[in-house]
Amino acid sequence: MSGEDAPAQQQNAEEQKQQQQQQESKTPAESPKTESKPDPPPSSASTEAAAADTPAPAAEKAPEEDTFSYRALVLTGYGGYDKVKLQVKKGKPALKSGEVMVRVKMCGLNFADLMARQGLYDRLPSPPVTPGMECSGIIEAVGEDVTDRKVGDKVLVLNRSGMWQEVVVVATTHTFLMPEGMSFEEAAALPVNYITAYLMLFDFGHLRPNQSVLIHMAAGGVGIAATQLCKTVNDVTVFGTASASKHEVISQGGVTHTIDYRTRDYVEEIRKISPKGEHSHRLDIVLDPLGGSDTHKGYNLLKPMGKLVSYGAANMLAGQKKNLFVVAKTWYQQFSVHTLSLIQGNRSVCGFHLGYLDSETELIAQAMAAVMDLYRQGKIKPRIDSTYHLEQVGDAMRRMQERNNIGKIILTTEPMKEEEKKEEAKKDEEKKKDDKKKDDKKKEDKKKDDAKKEEKKEEKEEAKKDDKKAEEKEEAKKEEN
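As the structure is a prediction and not an experimental result, all values here were calculated from the model.

Asker: Where do I start with the packing of helix α7 (residues 191-204) against helix α8 (residues 221-230) in this structure?
Answerer: Axis angle and axis distance: for two packed helices, these are the angle between their axes and the distance between the axes, and together they describe the pair. Axis separation between α7 and α8 bottoms out at 8 Å; the angle between their running directions is 50°. As judged from the angle between their axes, α7 and α8 are oblique. Crossing geometry of α7 relative to α8 is assigned as right-handed. Packed against α7, whose contacting residues are Asn193, Tyr194, Thr196, Ala197, Tyr198, Met200, Leu201 and Phe202, the element α8 presents Gly221, Val222, Ala225, Ala226, Gln228, Leu229 and Cys230 at the interface. Taken together, the residues that form the contact of α7 with α8 break down as 11 nonpolar, four polar and no charged.

Structure representation (structure tokens):
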């Protein structure tokens, strides 16, 4: 069973619950808990006593399997933040040959998760399903034929889906040993962002000294990873777009020229910033997570032999609902119309999607090894924006979708304390009140606006009547004369 298959356990929860209740009526036992360790099996003495009184069942499950439970975030349908719910799964996942079971500590949140929630990411199985492409934790069990991992190993995990839960089962090839000194937060922040940035810059881009790179959303997880990787090559000029409030942070992180995309045209800004020269206002590499018209703008900024790497469609979240395949097809058709200009321009356009490389284990392993080596050398270090409990996943997703984060947003599997839950409930209640006040104010303002419009309409009608009366009087005077 892999991480993405885990939701099947949820569908059998009621049946398992009934079986458990039947067993509890025979032998007293604690009810299942969502903590990180399963309940211990009954002592040998109590087992013998029970066996003396009643015959043993023909195929009785191990007590550990009956009591094993873990919490998981489940996408129950497509739509808003409330579609991702925290649920309890029961039953110990089975280990196949070559697989390991990991007790998850931290999970990473990615833009693909936002798109998946809205039904725009076709690499995620249909709901109900547990999202999440990356996590970090400790190996708790190993399957047959596993020789390169052992119980107790600290690992980071990269998988197509199923990582947002307390326990995951994956192939060993999807796990990577954490370097000494790396925190679980950093480990969960590293796989998707840094592998994506590394493959785009070095495999597609062939980044070399004295080149220039445009990084959109430079304050996001991939943006910060790409900036740090650019600084591992001598004399690379980095243009980074982000809102003005994030400029200081990304400048300190290595962005050479910051551009506020909300108030400035980044195309014009890049041309202004660059020194004079035939191709000086153009770029060697453009990393494009936006799509749409920004892809065309980025392409036009490339110098000869330049490369644009399209790896997302963030503009879709605020626009029309389409899956990535449809977007890619439309985008390709647009460029195909201008095949001749594409050839004559001596520029290349690449598409990258880490979710479609999950079978390329050797390629991923090579990139991960390079990234880990850079981490050990101190040349890269994930920046953690914020950490949320699983119970707060809606707030975490909202923060990313509204582009308020600077760096990686992390989900921790550590349960919220009662005090925190009370505080969270209080905040939610206050937020509801604030939202209601805002809605009431909007309604009131609309009423006022409608009243003003009606008043103006009446005034216009009165003015027309007055004008008509004046005209009639004028006509009457003319007739008298």
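Here the narrative resumes.
Asker: Sorry, what's going on with the side chain of Asp284 here?
Answerer: With respect to the helices, strands and loops of the structure, Asp284 is situated in strand β11 (residues 283-288). On the basis of relative accessibility, which here comes to 10%, the residue Asp284 falls in the buried class. Side-chain polar atoms of Asp284 contact the backbone nitrogen of Ser212, separated by 2.8 Å.

Asker: Help me understand the side chain of Thr241, please; the structure alone is not making it clear to me.
Answerer: Within the secondary structure, Thr241 sits in strand β9 (residues 237-241). A distance of 3.4 Å separates polar atoms of two side chains, one belonging to Thr241 and the other to His216. Those residues within four positions of Thr241 in sequence are excluded, and the remaining contacts are Leu214, Ile215, His216, Met217, Ala218, Ile259, Tyr261 and Tyr266.

Asker: When you look at the pairing of strand β4 (residues 134-142) in this model, what are you seeing that I'm missing?
Answerer: Side chains on a regular strand alternate between the two faces of the sheet. Within β4, seven of the nine residues are buried, leaving the element largely enclosed by the surrounding structure. Of the pairings in the sheet, the one linking strand β3 (residues 99-108) to β4 comprises seven bridges and is antiparallel in character. By the bridge assignment for β4, Val102 is matched with Ile139. Bridging between β4 and strand β5 (residues 154-158) involves five bridges; their strand directions are antiparallel. Note that in β5 the partner of Glu134 across the bridge is Leu158.

Asker: For this particular structure, what's the right way to read the packing of aromatic side chains?
Answerer: Working definition: an aromatic ring pair is given by the centre-to-centre distance plus the angle between the planes. Summed over the entire model, instances satisfying the criterion amount to three aromatic pairs. Consider the rings of Tyr198 and Phe202, whose centres lie 4.9 Å apart with planes at 45°: the pair is tilted. Here Phe202 and Tyr198 lie together in helix α7, a separation of four residues that amounts to about one turn. Measuring from ring centre to ring centre gives 6.5 Å for Phe204 and Phe352, while their planes differ by 90°; the resulting arrangement is edge-to-face. Highlighted residues: Phe204 in helix α7 and Phe352 in the loop between β13 (348-351) and α14 (361-376), separated in sequence by 148 residues. The ring of Tyr356 carries the charged tip of Arg123 above its face, separated from the ring centre by 4.2 Å. Above the face of the Tyr299 ring, Arg347 is positioned so that its terminal group lies 4.5 Å from the ring centre.

Asker: It is not clear to me how helix α11 (residues 293-300) should be interpreted in this structure. Could you clarify?
Answerer: Count 3.6 residues to each turn of an α-helix, and residues three or four apart come out pointing the same way. Buried residues of α11: Asp294, Thr295, Gly298 and Tyr299, and no others. Relative to the axis of α11, the buried residues are bounded by an arc of 140° and lie together on one face.

Asker: I keep staring at the nonpolar core and nothing clicks. Help me out?
Answerer: Taken as a class, soluble globular proteins show a tendency for nonpolar side chains to be buried jointly. Counting residues in hydrophobic clusters, the biggest one holds 89 residues, and the most contacted among them are Leu201, Leu287 and Leu411. No other element matches the eight residues that α7 contributes to this core. Dropping the residues within four chain positions of it, Leu411 is found in contact with Leu73, Lys105, Met106, Cys107, Trp164, Tyr388, His389, Leu390, Val393 and Ala396.

Asker: Explain the environment of Val74 to me, please; I cannot follow it from the model alone.
Answerer: Residue placement: Val74 occurs in strand β1 (residues 69-75). Judged by its relative accessible area of 2%, Val74 is buried. In this structure the C-alpha to C-alpha distance between Val74 and Val88, which are 14 residues apart in sequence, comes to 9.6 Å. The residues contacting Val74, other than those within four sequence positions of it, are Lys83, Val84, Lys85, Gln87, Lys89, Pro128, Val129 and Thr130.

Calculation notes
- Residues numbered from 1 in each chain as written.
- Predicted model: local features only at pLDDT ≥ 70, side-chain atom pairs only at ≥ 80, totals over all residues.
- Heavy atoms only, no water.
- Axes fitted to C-alpha atoms, helices over the stretch in contact; angles between N-to-C directions.
- Helix = DSSP H or I, 4+ residues; strand = E, 2+ residues; numbered from the N terminus.
- Parallel < 35°, antiparallel > 145°, perpendicular 65-115°, else oblique.
- Left-handed = near helix turned anticlockwise from the far one by under 90°.
- Contact = heavy atoms within 4.5 Å.
- Nonpolar A, V, L, I, M, F, W, Y, C, P; charged D, E, K, R; others polar.
- Buried < 20%, exposed > 50% of the residue type's maximum accessible area, 1.4 Å probe, protein only.
- Polar contact = N/O pair within 3.5 Å; in protein donor to acceptor, adjacent residues only side chain to side chain.
- Pairing = 2+ DSSP bridges.
- Phe/Tyr/Trp six-rings, centres within 6.5 Å; stacked < 30°, edge-to-face > 60°.
- Lys NZ or Arg CZ within 6 Å of the ring centre and 35° of its normal.
- Arc of directions from axis to C-beta.
- Core = buried A, V, L, I, M, F, W, Y, C linked by side-chain atoms within 4.5 Å.

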